[in-house]
Amino acid sequence: SYTRRLKCKDGSYKFIQWKDRQFSENLFMGIGLDVTEQVEIQNKYKNLIENANDFIYETDSHGTFTFVNKHTELSLGYTAEELLNKEFSSLVREDYKENLIQFYNDTEIEENDFPTLVFPVTKKNGDTLWLSQNVTIKRNDHLKIIGYTVIARDITIVKQIEIEKLRKDRKVRTYNE
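Since the model is a prediction, treat every value here as computed from it, not as a measurement.

**Q** Please clarify how the packing of aromatic side chains should be interpreted in this entry.
**A** Ring pairs (aromatic) are described by centroid distance and by the angle formed between their planes. For the coordinates displayed, the defined rule picks out eight aromatic pairs. Residues Tyr96 and Trp130 carry aromatic rings whose centres are separated by 5.4 Å and whose planes lie at 90° to one another, so their mutual orientation is edge-to-face. Taken together, the residues Tyr96 in helix H4 (residues 94-106) and Trp130 in strand E7 (residues 128-139) connect sequence positions 34 residues apart. Given the relative accessible area of 24%, Tyr96 is considered partly exposed. Taking the relative accessible area as the measure of exposure, Trp130 reaches 8% and is therefore buried. Judged by centre distance (6.5 Å) and plane angle (50°), the rings of Phe114 and Tyr148 are tilted.

Structure below.
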């Protein structure tokens, strides 16, 4: 089957999915199905994901990227080609890797979602970003885990304020002692 965009008499366009079949040497039959609505919905979701100001990505069951949106590329400084087939954990800051792995190994899963996790990642240029990440599990028909869908938000500014507040609190405690 294949899909073609066709212009209608009124000037609008429709997407028709065709299935061709050969019955004999001289007889072909093509059946077309209007899939315009499905294509438009698919394009809306694609635009929504690509233009979101959040990190949206998917990994396989081993944590290897299979999809990243534009915001993820731009924020981390990698191209999609550099990220695809790279393990997500390779971006996690070294001092947090063990915590991240332990969190995902030890967490009791409620339905198909993990609780929110906050951790730092290292950008291509070496800078640190703090992410607040929500993970949804993707399963096949036999309920086997086949991958993960992730939405993460950059909370670096919030985390920097929190770290600065802790530093100030320590100074005040030291002076008071």
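Once the structure has been displayed, the description carries forward.
**Q** Would you mind going over the nonpolar core with me for this structure?
**A** Grouped together as the largest cluster of nonpolar side chains are 24 residues, with contacts concentrated most on Phe88 and Val121. A per-element tally of this core places E7 first, with four residues. Ignoring sequence-local partners within four residues, the contact set of Val121 consists of Leu76, Phe88, Leu91, Val92, Arg93, Asp127, Thr128, Leu129 and Leu131.

**Q** Would you take a moment to explain the sheet that holds strand E1 (residues 2-7) for this structure?
**A** Through backbone hydrogen bonds, the strands of a sheet pair up, either in parallel or in antiparallel fashion. Pairing is antiparallel in the open sheet, where three strands are placed in the order E1-E2-E3. Looking at strand neighbours, the two that pair on one side only are E1 and strand E3 (27-34), the edges of this open sheet. Strand-to-strand twist across the sheet, computed as the mean angle between neighbouring axes with direction ignored, equals 40°. Across six bridges, E1 lies against strand E2 (residues 13-24) in antiparallel orientation. For Thr3, the partnering residue across the bridge sits in E2 and is Gln17. Against the sheet, helix H1 (residues 36-50) touches E2 and E3, its axis set at about 125° to E2.

**Q** What exactly am I supposed to notice about the pairing of strand E5 (residues 65-68) here?
**A** Within a regular strand, side chains alternate between the sheet's two faces. Two elements, strand E4 (residues 55-60) and E5, share three bridges in a ladder whose sense is antiparallel. Residue pairing for E5: Tyr57 is matched across the bridge by Val68. Counted along the chain from E4 to the antiparallel partner E5, the turn is four residues long, and its residue Gly63 has a positive phi close to 90°.

Scoring rules and cut-offs
- Residues numbered from 1 in each chain as written.
- Predicted model: local features only at pLDDT ≥ 70, side-chain atom pairs only at ≥ 80, totals over all residues.
- Heavy atoms only, no water.
- Phe/Tyr/Trp six-rings, centres within 6.5 Å; stacked < 30°, edge-to-face > 60°.
- Helix = DSSP H or I, 4+ residues; strand = E, 2+ residues; numbered from the N terminus.
- Buried < 20%, exposed > 50% of the residue type's maximum accessible area, 1.4 Å probe, protein only.
- Core = buried A, V, L, I, M, F, W, Y, C linked by side-chain atoms within 4.5 Å.
- Contact = heavy atoms within 4.5 Å.
- Pairing = 2+ DSSP bridges.
- Axes fitted to C-alpha atoms, helices over the stretch in contact; angles between N-to-C directions.

Geometric descriptors of this kind do not, in isolation, establish any biological role.
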